[in-house]
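Chains, contacts and geometry: an overview
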Amino acid sequence: MNGSRIAAVGHYQPAKVLTNEDLAGLVDTSDEWITSRVGIRTRHIAGPDEPVDELAAHAAAKALAAAGLAPGDIDLVLVATSTAVDRSPNMAARVAARLGIPSPAAMDVNVVCAGFTHALATADHAVRAGASLRALVIGADKMSAVTDWSDRTTCVLVGDGAGAAVVEAADEPGIGPVLWGSVPEMGHAVRIEGTPARFAQEGQSVYRWATTQLPPIARKACERAGLAPEDLAGVVLHQANLRIIEPLAEKIGAVNAVVARDVAESGNTSAASIPLAFSKLVEKGAISAGDPVLLFGFGGNLSYAGQVVRCP
C-alpha cells in the first residue's frame, strides 16, 4: 500500500437547538447583532448527561456503519478534543470502550480547532508507515461546558458536536501531505483555561491572523497535493465564523469549490467543526466520491493544519 484514504465519514449533534432569540433572553444581544457579526443562527447544545465521549462515539459509529466495518476492524483510535474533563482514561479509550473496539492504540490530540486535521495527518502517517491498518479519527468538543454564558462575545459563538472519519490503507494516496505549524508566541489569543475552565479569545487578533496569514499556507497545502486551488471541488475550513470563512476561502482562490458554511447552523464546535461540516457535505451529495477537498483547521495555540483529501 502506498497511501491512505478516507473510507467513510459520520457526524452527530445533540438534539437541543439554541437559537439567537434564545440567547437574547440570556445576554444583551439580538439575532441581528449575531448574524451580522458572525453569521451564526443556531447551535446544538449537549445536556449535562451527554459527555464528549458519547458525542464522539455516536459520530464514530455512523462512520463505521458507512464504511461497512465492525469495531474489531479498527486498530487505532484518535480523538481530537480540548474539552475533556478527566486526564485518564483519555477520550479515545472511552470511545473505544463504548464501541467495543478491542485492543486499539488510543490517543487524544489537543490542538483545539485544528485538532481534527492534526489527528487526520497522524492517522495517515501511521497507516502509511504500517503501524495501523484502519484508524478511526474523531473530532469532538462540548464547548458549552467551557463557556461563560454571561459573556456575549463568546457565548454566541459556540456549539457542541462530533464528526468522524475512517482512514484505511489504499493503493493510491487519498490524503495529501499535511502542512502544519503554529505561532506559539501568540497562543494567548485563544484560550481555554482557569478553574473552572473558560473559553476566551482576542477576536480581532485571530481575525487578522486568519484572513492575512493563512491564505498562502492553505494554497501551499494544495501545492503539496499537486493541485491548484481552482482544482478543488470543496473547501472545509474550521467553522469559526462566516466573517473569517468567507474572506479566507476567497483569498485561497478555490473559485470552483463548494465552501462549507455549517457554522451558520452549528456554531463553532472547535475540533468537531471540520469533520462535522465535511460529513454533512458528503451526506447532502454536495461533493462526490473522489472529489478533491481541502480541509484546513486553525485556531487555538494559533495552530494550523491542512491537507487535500479525496471525498469518500
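The rules behind these values
- Throughout, a residue's number is its position along its own chain's written sequence, starting from 1.
- Totals for whole chains, interfaces and linings use all residues, but because this is a predicted model, local features are given only for residues with pLDDT of at least 70 and pairs of side-chain atoms are given and counted only at 80 or more.
- As a convention, hydrogens and water are excluded, and side-chain values are obtained from all of the structure's heavy atoms.
- The criterion for strand pairing is that DSSP finds at least two bridges linking the strands in question.
- Helix and strand definitions here come from DSSP, where helices need a minimum of 4 consecutive H or I residues and strands a minimum of 2 consecutive E residues; each element is numbered from the N-terminal end.
- Here the axes come from fitting lines to C-alpha atoms, over the contacting stretch only for helices, and the angles between their N-to-C directions go from 0 to 180 degrees.
- Note on contacts: a residue pair is in contact if any heavy atoms of the two residues lie within 4.5 Å.
- Residues grouped as a nonpolar core are buried Ala, Val, Leu, Ile, Met, Phe, Trp, Tyr and Cys residues, joined through side-chain atoms within 4.5 Å.
- For every residue, the accessible area (1.4 Å probe, protein chains only) is compared with the maximum for its type, and the residue is labelled buried under 20%, exposed over 50%, or partly exposed between those bounds.
- Here a Phe, Tyr or Trp ring, Trp counted by its six-membered ring, pairs with any other such ring whose centre lies within 6.5 Å, and the pair is stacked when the planes are under 30 degrees apart, edge-to-face when over 60, and tilted otherwise.
- Any angle that is under 35 degrees is reported as roughly parallel, and any over 145 degrees as roughly antiparallel; angles of 65 to 115 degrees are reported as roughly perpendicular and all others as oblique.
- Residue type decides the class: Asp, Glu, Lys and Arg count as charged, Ala, Val, Leu, Ile, Met, Phe, Trp, Tyr, Cys and Pro as nonpolar, and the leftover types, Gly among them, as polar.
- Disulfides are defined in this document as cysteine sulfur pairs within 2.5 Å.

**Topic: the sheet that holds strand β4 (residues 76-80)**
The strand order across the open sheet formed by 5 strands is β1-β7-β6-β4-β5, and the pairing between neighbours is mixed. Of all strands in the sheet, those with a lone pairing partner are β1 (3-12) and β5 (105-109), marking the two edges. Adjacent strand axes in the sheet meet at a mean angle of 20 degrees, parallel and antiparallel pairs treated alike. Both β1 and strand β7 (residues 160-170) contribute to a ladder of 9 bridges, which runs antiparallel. Paired with Ser4 across the two strands is Ala169, which belongs to β7. Strand contacts of helix α5 (residues 115-128): β1, β4, β5, β6 (134-142) and β7, with the helix running at about 160 degrees to β4, the strand carrying the most contacts.

**Overview of the nonpolar core**
In summary, soluble globular proteins display a tendency toward joint burial of nonpolar side chains. Counting residues in each nonpolar core, the largest one holds 48 residues, and the members touching the most others are Trp209, Leu214, Leu232, Leu237, Leu294, Phe296 and Phe298. Sorting the residues of this core by element identifies α2 (31-38), α7 (203-212), α8 (214-224), β11 (234-237), α9 (242-252), β13 (292-299) and β14 (303-310) as the ones contributing at least two each. Looking at this core, the element that brings in the most residues is α9, giving 6 residues. Once residues lying within four places of it in the same chain are set aside, the contact partners of Leu237 are Ile245, Leu248, Ala249, Ile252, Ile274, Phe296 and Phe298.

**A short note on the packing of aromatic side chains**
Tallied over the full model, the rule gives 2 aromatic pairs. Their ring planes at 70 degrees and their centres at 6.5 Å tell us that Trp209 and Phe298 sit as a pair that is edge-to-face. Of this pair, Trp209 sits in helix α7 while Phe298 sits in strand β13, and the two are 89 residues apart along the sequence. Considered together, Trp209 and Phe298 belong to a single accessibility category, that of buried residues. Between Phe296 and Phe298 the ring centres are 6.2 Å apart and the planes differ by 40 degrees, which places this aromatic pair in the tilted class.

**Here's the deal with the sheet that holds β13**
With mixed pairing, 5 strands are arranged side by side in an open sheet as β8-β14-β13-β11-β12. Looking along the sheet, the strands with just one partner apiece sit at the ends: β8 (179-182) and β12 (258-259). In the sheet, β11 pairs with β13 via 4 bridges, with the strands oriented parallel. In the strand pairing of β13, Val236 is matched with Leu295. Contacting β8, β13 and β14, α8 runs over the sheet at an angle of about 145 degrees to β13.

**A word on the packing of α7 against α8**
It is at 4 Å that the axes of α7 and α8 come closest, and there the two elements cross at 40 degrees. Taken as axis vectors, α7 and α8 run oblique relative to one another. Here Trp209, Ala210, Thr211 and Thr212 of α7 come into contact with α8, specifically with Leu214, Pro215 and Pro216. Residues of the contact of α7 with α8, tallied by class, amount to 5 nonpolar, 2 polar and no charged.

**Quick look at the environment of Leu136**
Within the fold, Leu136 resides in strand β6. Among the residues examined, Leu136 registers a relative accessible area of 0% and is labelled buried. Taking C-alpha positions, Leu136 is 4.8 Å from Val166, a pair spaced 30 residues apart along the chain.

**Remarks on the state of the cysteines**
Inspection of the entire model under this criterion finds 0 disulfides. The thiol of Cys113 is not disulfide-bonded; the next cysteine sulfur, from Cys155, is found 17 Å away. According to the relative accessible area criterion, Cys155 is buried, its value standing at 0%.

**Let's talk about the pairing of β14**
Burial of β14 is extensive: 7 of the 8 residues sit out of reach of the surface. The pairing of β8 with β14 spans 4 bridges and is classified as antiparallel. In the sheet register, Trp180 faces β14, and the bridge partner there is Ala305. Bridge count for β13 against β14 is 8 bridges, and the pairing is antiparallel. Counted as the bridge partner of Pro292 is Arg310 from β14.

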